[in-house]
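# Structural features, examined
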Amino acid sequence: MQDSRTLVDHFFRHEYGRLVAVLTRSLGIRNLELVEDVVQSALSKALQTWCYNGVPDDPGAWLYRTSRNLAIDVLRRTQTEHRLLTTELFVADDRHPLANQDIHFDEEVGDESLRLLFLCCHPNIPLDSSIAFALKTVSGFSTDEVSSALLITRANAEKRIARAKEKLREIGTELTELDNAALESRIEAVQSTIYLLFNEGYASSSGYATLRNDLCDEAIRLARMLIASAPNASPSSCALLALMLMHSARFEARVDMFGSVVLLEDQDRSQWNWSRIREAMDWMSRSAEGTQLSRYHVESSIAWEHCRAKTFGEVDWSKIAERYKCLELVHPGPMVRLNLAIAFSYASGPEFGLSLLTKIDSDDRTRLRPWWDCAMADVLLRLGECMAAISHWRDAILLATNQEHRKLIAKRIEKAENKKTTPSK
């Protein structure tokens, strides 16, 4: 029998947003907090029940019915919204939206999770708040994961989520009221949320898993739905899909048989999924049809430079560094500056890379840690400064929240210490 805790975690990630979306469509955005509460209660109940009674044949249906019944109980107890109890949602039969794996309710955007994502990204809500709220509500991120994804403090993440909730209640728009104009005005925030969802799966910020394939698959699914929802697919959406496909093509080589991280320089490139890379190239071609250059265009071109090189040593780091300079103009931020420094450390030498890393200001360093420490350690090791490198890695291992990342850093420390103690010939 499947491990119940693992399965509940999977369903929390995979079905949370869909359950919230389906119930929100029926109960209305004014009852969003109630919906979130009953969905989380249903997941908690699943953890308790499935451990003893086994996993039901249709876990998604079980979660939906349990969430729905909990909502009915709350509404009855509070004696509010009585008319909702006679709607189709609460008919006492086994038919429900989650019985079908592909949920299609509307011709504009056929997926309820994507529709809820658009609803969360209202133009009257600040972009940073929309993204934080969408990650929490649609993607099932914890508040800590939201703060990690956005490089902000937990308190700041909580404020952004609360601000978005309050604004949505004031606006009062429902899922059924989204038209093409509404979809178009929210595309940037929706793309950013999908991008961050994929990033969390690609490099999990916490727990024991190096990769979260379920998150990456969901991000790719949403991107495909996003493209399919528009008569003329947005070039930036095509570029976003191309970027995620190229990164996901390397998954098999990115983790070894024990689940440990394998660095890009050590990956067996024959394990990369070249059919997926070819599909990504098709989407890159489609993305070139527009006139605007998005961050996803630049990032997908960087990913392609890694894919096209036969070995790590053949990567054209000069091109990658120039494209990070372009990305800094299109979408500036601390992570871009960090990656720019790393690229230049290979293109122009570790001394130049070190100078760029040390120029990153203290506030950005704080937001970037432990990645900044790891980059410093790598450059210092290449300069022969083993002790300084080890010091940065020791700082990084204290700050890393993913267990596999800690193991990787520990291996790097051990390797550097062996190098330090090995006599030169």
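Please refer to the structure higher up on the page.
So, here is what we can say about the structure in this document. None of these values were measured; they are calculated from a predicted model.

All right, on to the packing of aromatic side chains then. Scanning the model with the defined rule gives 9 aromatic pairs in all. Judged by centre distance (6.3 Å) and plane angle (20°), the rings of phenylalanine 198 and phenylalanine 251 are stacked. A residue pair is termed long-range when its members are at least 10 positions apart, and phenylalanine 198 in helix α9 (residues 187-202) and phenylalanine 251 in helix α12 (residues 251-254) qualify at 53 residues. A single burial state applies to phenylalanine 198 and to phenylalanine 251, both of which are buried. Consider the rings of phenylalanine 344 and phenylalanine 352, whose centres lie 5.4 Å apart with planes at 90°: the pair is edge-to-face. Looking at phenylalanine 352, the relative accessible area reads 36%, which means it is partly exposed. Taken together, the ring pairs in this structure connect Phe198, Tyr202 and Phe251 into an aromatic cluster. Residue placement shows arginine 254 over the ring face of tyrosine 202; its charged tip is 4.0 Å from the ring centre. Positioned over the ring face of tyrosine 195 is arginine 295, at 4.1 Å from the centre of the ring.

Secondary-structure assignment places isoleucine 342 in helix α16 (residues 334-347). A C-alpha to C-alpha distance of 8.5 Å links isoleucine 342 and leucine 354, two positions 12 residues apart in sequence.

Looking now at a nonpolar patch on the surface. Nonpolar side chains collect at one region of the surface, where Leu293, Leu329 and Val330 lie side by side and expose about 300 Å² of accessible area between them. Along the chain, the position of leucine 293 falls in the loop between α13 (274-287) and α14 (295-308). Taking the relative accessible area as the measure of exposure, leucine 293 reaches 49% and is therefore partly exposed.

What follows covers the packing of helix α15 (residues 317-330) against α16. Close contact between α15 and α16 brings their axes to 8 Å; oriented N to C, the two are set at 160°. By the criterion of interaxial angle, the relationship of α15 to α16 is roughly antiparallel. Once α15 is placed against α16, the crossing between them reads as left-handed. Across the interface between the two elements, Trp317, Ser318, Ile320, Ala321, Glu322, Tyr324, Lys325, Leu327 and Glu328 of α15 pack against Val336, Arg337, Asn339, Leu340, Ala343, Phe344, Tyr346 and Ala347 of α16. Across the contact of α15 with α16, the residue classes tally to 11 nonpolar, 2 polar and 4 charged.

All chains considered together, the criterion is met by 0 disulfides. A disulfide-free cysteine, cysteine 121 has its sulfur positioned 6.3 Å from the sulfur of cysteine 120, the nearest such atom. The exposure class assigned to cysteine 121 is buried, which follows from its relative accessible area of 3%.

Time to look at the pattern of salt bridges. Overall, the coordinates contain 18 salt bridges when judged by the stated rule. Here glutamate 218 ties to arginine 221 by a salt bridge, and the two come within 2.8 Å at their closest N and O atoms. Of this pair, glutamate 218 and arginine 221 both sit in helix α10 (residues 213-229), separated by 3 residues, roughly a single helical turn. By relative accessible area, which is 11% here, glutamate 218 ends up buried. We note a salt bridge from lysine 407 to glutamate 404, for which the minimum N-O separation is 3.3 Å.

Assignment of secondary structure puts lysine 136 in helix α5 (residues 127-137). The side chain of lysine 136 sits in the buried core without any salt bridge; glutamate 36 is the nearest counter-charge, 5.5 Å away. In contact with lysine 136, other than residues within four places in its own chain, are Tyr16, Phe141, Ser142, Thr143, Val146 and Ile161.

Criteria and thresholds
Residues numbered from 1 in each chain as written. Predicted model: local features only at pLDDT ≥ 70, side-chain atom pairs only at ≥ 80, totals over all residues. Heavy atoms only, no water. Phe/Tyr/Trp six-rings, centres within 6.5 Å; stacked < 30°, edge-to-face > 60°. Helix = DSSP H or I, 4+ residues; strand = E, 2+ residues; numbered from the N terminus. Buried < 20%, exposed > 50% of the residue type's maximum accessible area, 1.4 Å probe, protein only. Lys NZ or Arg CZ within 6 Å of the ring centre and 35° of its normal. Patch = residues over 30% accessible without salt bridge, like charges linked within 9 Å, V, L, I, M, F, W, Y side chains within 5 Å. Areas by Shrake-Rupley, 256 points an atom, 1.4 Å probe, with all protein chains shown as cover. Salt bridge = Lys/Arg side-chain N within 4 Å of Asp/Glu carboxyl O. Axes fitted to C-alpha atoms, helices over the stretch in contact; angles between N-to-C directions. Parallel < 35°, antiparallel > 145°, perpendicular 65-115°, else oblique. Left-handed = near helix turned anticlockwise from the far one by under 90°. Contact = heavy atoms within 4.5 Å. Nonpolar A, V, L, I, M, F, W, Y, C, P; charged D, E, K, R; others polar. Disulfide = S-S within 2.5 Å. Lys, Arg positive; Asp, Glu negative; His and termini not counted.

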